[in-house]
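Given next are the chains, with one letter for each unit.
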Amino acid sequence: MTWLWVSFVALVLVLLALDLGVLNRRAHVPALKEALSWTAGWISLGVAFSGVVYWIYEYKLYGTISGDKGGTIPYSGVTAALTYLTGFVLEESLSIDNLFVMVLIMRQFKIPRQFQHRVLFWGILGAIVMRMSMIFGGVWLITRFTWITYVFGVYLIWQGLAQLKHEDEQSEEEPARVSIIERSVSKLVPVLQQGASTGHFFTKMDGRTYATPLFVALISIEIADVVFAVDSVPAVLTVSTDPFIVFTSNVFAILGLRSMFFVIADMMDRFTHLKYSLAVILVFVGAKMMLHEVFHLPIAASLLVILGAVVLGIVSSMRATRPGKTRPAEGQ
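Residues numbered from 1 in each chain as written. Predicted model: local features only at pLDDT ≥ 70, side-chain atom pairs only at ≥ 80, totals over all residues. Heavy atoms only, no water.

Focus: the confidence of the model for the protein chain
Right, so step 1: Per-residue confidence for the protein chain gives a mean pLDDT of 77; residues scoring 70 or more make up 81%.
Right, so step 2: In the predicted structure, residues 66-72 sits below a pLDDT of 50 and forms ten contacts with residues beyond four places in sequence or in another chain.
Right, so step 3: For the stretch residues 328-332, pLDDT sits under 50, and the model shows one contact to residues farther than four places along the chain or on other chains. (pLDDT = per-residue confidence, 0-100. Contact = heavy atoms within 4.5 Å.)

Let's talk about the side chain of threonine 248
Right, so step 1: With respect to the secondary-structure elements, threonine 248 resides in helix H8 (residues 243-255).
Right, so step 2: Residue class for threonine 248 comes out buried when judged on its relative accessible area of 0%.
Right, so step 3: Among the polar contacts listed, one links the side chain of threonine 248 to the backbone oxygen of isoleucine 245, at a separation of 3.2 Å.
Right, so step 4: Excluding anything up to four places from it in sequence, threonine 248 contacts Phe8, Phe49 and Tyr84. (Helix = DSSP H or I, 4+ residues; strand = E, 2+ residues; numbered from the N terminus. Buried < 20%, exposed > 50% of the residue type's maximum accessible area, 1.4 Å probe, protein only. Polar contact = N/O pair within 3.5 Å; in protein donor to acceptor, adjacent residues only side chain to side chain.)

Some thoughts on the packing of aromatic side chains
Right, so step 1: The tally for this structure, following the rule as stated, stands at twelve aromatic pairs.
Right, so step 2: Taking 5.7 Å as the distance between ring centres and 55 degrees as the angle between the ring planes, the aromatic pair formed by phenylalanine 49 and tyrosine 84 counts as tilted. Of the two residues, phenylalanine 49 sits in helix H2 (residues 32-58) while tyrosine 84 sits in helix H3 (residues 77-108), which places them 35 residues apart along the sequence. Of the two residues, phenylalanine 49 and tyrosine 84, neither departs from the other in class, the shared state being buried.
Right, so step 3: Taking 4.8 Å as the distance between ring centres and 40 degrees as the angle between the ring planes, the aromatic pair formed by phenylalanine 49 and phenylalanine 252 counts as tilted. Taken together, the residues span a long stretch of sequence, with phenylalanine 49 in helix H2 and phenylalanine 252 in helix H8 at a distance of 203 residues. A single burial state applies to phenylalanine 49 and to phenylalanine 252, both of which are buried.
Right, so step 4: Put simply, the rings of Trp5, Phe8, Phe49, Tyr84, Phe88, Phe244, Phe247 and Phe252 pair up and form one aromatic cluster. (Phe/Tyr/Trp six-rings, centres within 6.5 Å; stacked < 30°, edge-to-face > 60°.)

Observations regarding the nonpolar core
Right, so step 1: Membership of the largest hydrophobic core comes to 86 residues, with the highest contact counts inside it found for Leu90, Ile128 and Leu255.
Right, so step 2: It is H3 that contributes the most residues to this core, 15 residues altogether.
Right, so step 3: Excluding residues that lie within four positions of it along the chain, isoleucine 128 makes contacts with Val12, Leu16, Phe247, Val251, Ile254 and Leu255. (Core = buried A, V, L, I, M, F, W, Y, C linked by side-chain atoms within 4.5 Å.)

Thoughts on the packing of H3 against helix H7 (residues 213-236)
Right, so step 1: Two elements in contact, H3 and H7, have axes whose closest approach is 10 Å; the angle formed by their N-to-C orientations is 155 degrees. Taken together, the axis directions place H3 and H7 in an arrangement best described as roughly antiparallel. For the crossing formed where H3 meets H7, the hand is right-handed. Of H7, the residues touching H3 (which contributes Gly87, Leu90, Glu91, Leu94, Asp97, Asn98, Val101, Met102, Ile105 and Met106) are Ala217, Ser220, Ile221, Ala224, Asp225, Phe228, Ser232, Ala235 and Val236.
Right, so step 2: Across the contact of H3 with H7, the residue classes tally to twelve nonpolar, four polar and three charged. (Axes fitted to C-alpha atoms, helices over the stretch in contact; angles between N-to-C directions. Parallel < 35°, antiparallel > 145°, perpendicular 65-115°, else oblique. Left-handed = near helix turned anticlockwise from the far one by under 90°. Nonpolar A, V, L, I, M, F, W, Y, C, P; charged D, E, K, R; others polar.)

Re helix H9 (residues 257-267)
Right, so step 1: With respect to burial, H9 is a largely interior element, nine of its eleven residues being buried.
Right, so step 2: Burial in H9 covers these residues: Leu257, Arg258, Ser259, Met260, Phe261, Phe262, Val263, Ile264 and Met267.

Quick notes on the packing of H2 against H8
A pair of packed helices is captured by two measures, namely the crossing angle of their axes and the spacing between those axes.
Right, so step 1: For the pair H2 and H8, interaxial distance at closest approach is 9 Å and the crossing angle is 165 degrees. Taken together, the axes of H2 and H8 lie roughly antiparallel to each other. Two packed elements cross with a definite hand, and for H2 against H8 that hand is right-handed. Contact residues: Trp42, Leu45, Gly46, Phe49, Val53, Ile56 and Tyr57 in H2; Phe244, Ile245, Thr248, Phe252 and Leu255 in H8.
Right, so step 2: For the contact of H2 with H8, a count of residues per class yields ten nonpolar, two polar and no charged.

Right under this line is the structure:
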């Protein structure tokens, strides 16, 4: 099983090196069409990896994988691929909310768009490392303390209902949280407000080292990802407790967030109904976790519910905000 982990981590490092070191070496502002193309490419790559998952599990190349209660997970190739795809779609869906927060953070610190990709790259690299530790911790908890699934279930349902909070309340919370982070960073290293245009995280002036807003934005994004991982990791553990499938599906979903960020940034005002989709998904996976001992929903059905909620949210959002259509007043 070790060779699988080493090979996958090596693949991720190669993809990241190509992304930042070759394909996006020059700082620039991607147009919407370019961002959509990159997003489609990353999603296609993530979906294509399900074929690798099928091959690994169909031909039992992993040896023995410890599953629930220490047993071996009896995956067929088809079941493993569907499980991976469900985790991938679930993580992509829940990441949308994270992207909205990232857009607000970039706006709060006035990060020039040509440098946002650099902040996102390092932020997502840190997110991958943190996700691995959180996933293994979550698997360890669930396999040893079965009652924790009910705690996770209640928490996910509560978070799903919290998605219906008034938009103004949500938008007011983030700037306050960001200002706290900025003050905390400034206690360790002085923050240079005018340093964002250099494209560096740190700069020197008069012999002193200063953090630029890029660094504070990076720390804010890392903290935001930890907060959102508290939702997404328990959610994906309703799909599987196999660390390899959970981690690979999470990583491929995260890898595409940089390009998807620029799509969200350009079309943020049009995705007005996505919060309802996220609410449905969180309540669904929370209920599934709560009822796992009395009701088993096939993995293919879970995939269809999650995918259907996202598609419905996007389609209804685009219809509601199409050019020439007057949006209803708040509360109507």
